[in-house]
Amino acid sequence: MMYKKLLISALLISLVSFSFLKPVDDFSSVQLDKAFARSITVFAIVRTLNGLISVLQGTEVYATPAGVGVNFAVGQILDPMNDILERFSWIMLMSSVSLGIQELMLNLGQTQLIQGFLALSALGLLMSLWIPPLWHKKGFNLVFKTFIIFSFLRFFVPLSILLTEGIYTYGLHTQYEEAKSSLELSQRQTENIIHKINTSQNQYKTSWLESLNLNQQIQSFKLKMQVLWNDLKLKFNHAIEYMLTLIAIFIVQSVLFPLLFLWIAMKLFKWLAHINMADSLKLSQV
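The rules we used
- Residues numbered from 1 in each chain as written.
- Predicted model: local features only at pLDDT ≥ 70, side-chain atom pairs only at ≥ 80, totals over all residues.
- Heavy atoms only, no water.
- Helix = DSSP H or I, 4+ residues; strand = E, 2+ residues; numbered from the N terminus.
- Axes fitted to C-alpha atoms, helices over the stretch in contact; angles between N-to-C directions.
- Parallel < 35°, antiparallel > 145°, perpendicular 65-115°, else oblique.
- Left-handed = near helix turned anticlockwise from the far one by under 90°.
- Contact = heavy atoms within 4.5 Å.
- Nonpolar A, V, L, I, M, F, W, Y, C, P; charged D, E, K, R; others polar.
- Phe/Tyr/Trp six-rings, centres within 6.5 Å; stacked < 30°, edge-to-face > 60°.
- Buried < 20%, exposed > 50% of the residue type's maximum accessible area, 1.4 Å probe, protein only.
- Salt bridge = Lys/Arg side-chain N within 4 Å of Asp/Glu carboxyl O.
- Patch = residues over 30% accessible without salt bridge, like charges linked within 9 Å, V, L, I, M, F, W, Y side chains within 5 Å.
- Areas by Shrake-Rupley, 256 points an atom, 1.4 Å probe, with all protein chains shown as cover.
- pLDDT = per-residue confidence, 0-100.
- Polar contact = N/O pair within 3.5 Å; in protein donor to acceptor, adjacent residues only side chain to side chain.

### A short note on the environment of K196
Here K196 is to be found in helix α5 (residues 137-207). Considered as a pair, K196 and M225 are 29 residues apart in the sequence and their alpha carbons are 9.3 Å apart.

### Side note on the packing of helix α1 (residues 2-19) against helix α4 (residues 112-130)
In the contact formed by α1 and α4, the axes pass within 10 Å of each other and the chain directions differ by 165°. Taken together, the axes of α1 and α4 lie roughly antiparallel to each other. Regarding α1 and α4, the two cross each other, and that crossing is left-handed. Along the contact surface, α1 presents M2, K5, L6, I8, S9, L12, I13, V16 and S19, while α4 presents Q115, L118, A119, A122, L125, L126, L129 and W130. Of the residues belonging to the contact of α1 with α4, the class tally is 13 nonpolar, 3 polar and 1 charged.

### Focus: the packing of aromatic side chains
Tallied over the full model, the rule gives 7 aromatic pairs. Look at F152 and F269: their rings are 5.6 Å apart centre to centre, the planes differ by 45°, and that puts the pair in the tilted class. Of the two residues, F152 sits in helix α5 while F269 sits in helix α6 (residues 214-274), which places them 117 residues apart along the sequence. Owing to a relative accessible area of 22%, F152 belongs among the partly exposed residues under this scheme.

### Thoughts on the pattern of salt bridges
Counted by the stated rule, this structure contains 3 salt bridges. Its salt-bridge partner being E165, residue R38 comes within 2.9 Å of it at the nearest N-O pair. Of this pair, R38 sits in helix α2 (residues 22-57) while E165 sits in helix α5, and the two are 127 residues apart along the sequence. When sorted by exposure, R38 lands in the same class as E165, which is buried. Residue E184 is joined to K180 by a salt bridge in which the shortest nitrogen-to-oxygen separation is 3.8 Å. Taken together, the positions of E184 and K180, both in helix α5 and 4 residues apart, correspond to about one turn of that helix. Using a relative accessible area of 13% as the deciding quantity, one classes K180 as buried.

### Considering a nonpolar patch on the surface
Side chains of M2, L6, L113, F117, L120, L123, M127, W130, I131 and L134 sit close together on the surface and give an oily, nonpolar patch of about 930 Å² of accessible area. At the level of elements, α1 and α4 are the ones that each hand at least two residues to the nonpolar patch. Turning to its location among the elements, L6 is positioned in helix α1. The exposure class of L6 is partly exposed, given its relative accessible area of 48%.

### Thoughts on the confidence of the model for the protein chain
Scored by pLDDT, the protein chain comes out at a mean of 78, with 80% of its residues at no less than 70. α4 holds the highest mean pLDDT among the elements of the protein chain, 89, whereas strand β1 (residues 61-63) holds the lowest, 50. Below a pLDDT of 50 lies the segment residues 63-69, which in the model reaches 12 contacts outside its immediate sequence neighbourhood of four places, other chains included.

### Focus: the side chain of S254
With respect to the element layout, S254 can be found in helix α6. A distance of 3.0 Å separates a polar atom in the side chain of S254 from a polar atom in the side chain of S95.

Right, dumping it as structure tokens:
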């Protein structure tokens with residue numbers, strides 16, 4: 001059947017031609033770089049928050065004017081933030097590893113070796129189709145499976161990257177930008193609160209000697225510190241919410257979707273590898 005031969009030939013030529021198009025690879029690389037940039041940006045914010053927590057862990061608001069103690073512990077405020085930062089670090093590690101693997105596979109698929117074997121296997125299929133003495137059903141099936149293997153190596157990662165970035169652009173971009181901006185705002189607000197705490201403590205230590213009403217000074221200081229601690233706790237709780245949103249986004253984009261696409265591709269690959277293509281297309285009759 002001539003139309004089958006023409007259709008298969010057109011498909012083979014199109015795939016091989018497509019494999020040599022550099023704009024496709026360049027666009028995939030750009031999208032992968034954007035994913036890396038998002039990961040680095042968020043990780044930098046989180047590291048800054050981690051640094052702020054380290055500063056707070058080494059800070060204890062404590063003063064003993066005239067034997068009267070004023071003490072504020074911060075451990076209970078920092079524990080939830082420490083837990084989520086630890087989990088976030090693992091998520092970022094998984095995300096970075098996933099992106100790194102995708103970059104390696106993308107570079108592998110772009111090599112002349114993969115492109116050359118893909119073209120050679122396609123040429124073998126075309127020769128089997130159009131040169132009758134070269135037709136052999138088992139040979140055709142073997143070359144076809146070889147073609148499938150190199151097609152998988154060549155096209156899976158770029159296609160996976162494009163699909164993942166498309167889903168991010170139209171489904172996750174808004175949530176990412178909102179969470180990132182809010183987390184940056186929480187970082188700046190936290191830095192401001194820490195500055196106020198340190199400033200208030202220093203002012204208190206230098207002003208209590210000049211105060212005529214020491215008890216009133218202490219109560220005023222305690223009230224101010226309590227307000228600042230409550231505000232700090234609120235900012236940390238908000239930061240945790242934004243981090244949870246970012247964790248969900250990075251898991252979906254960098255882990256779940258690539259694994260889903262890989263699972264689908266492996267199922268398709270397994271089906272194509274076991275199918276008798278010559279019999280399925282009835283090519284022995286052409």
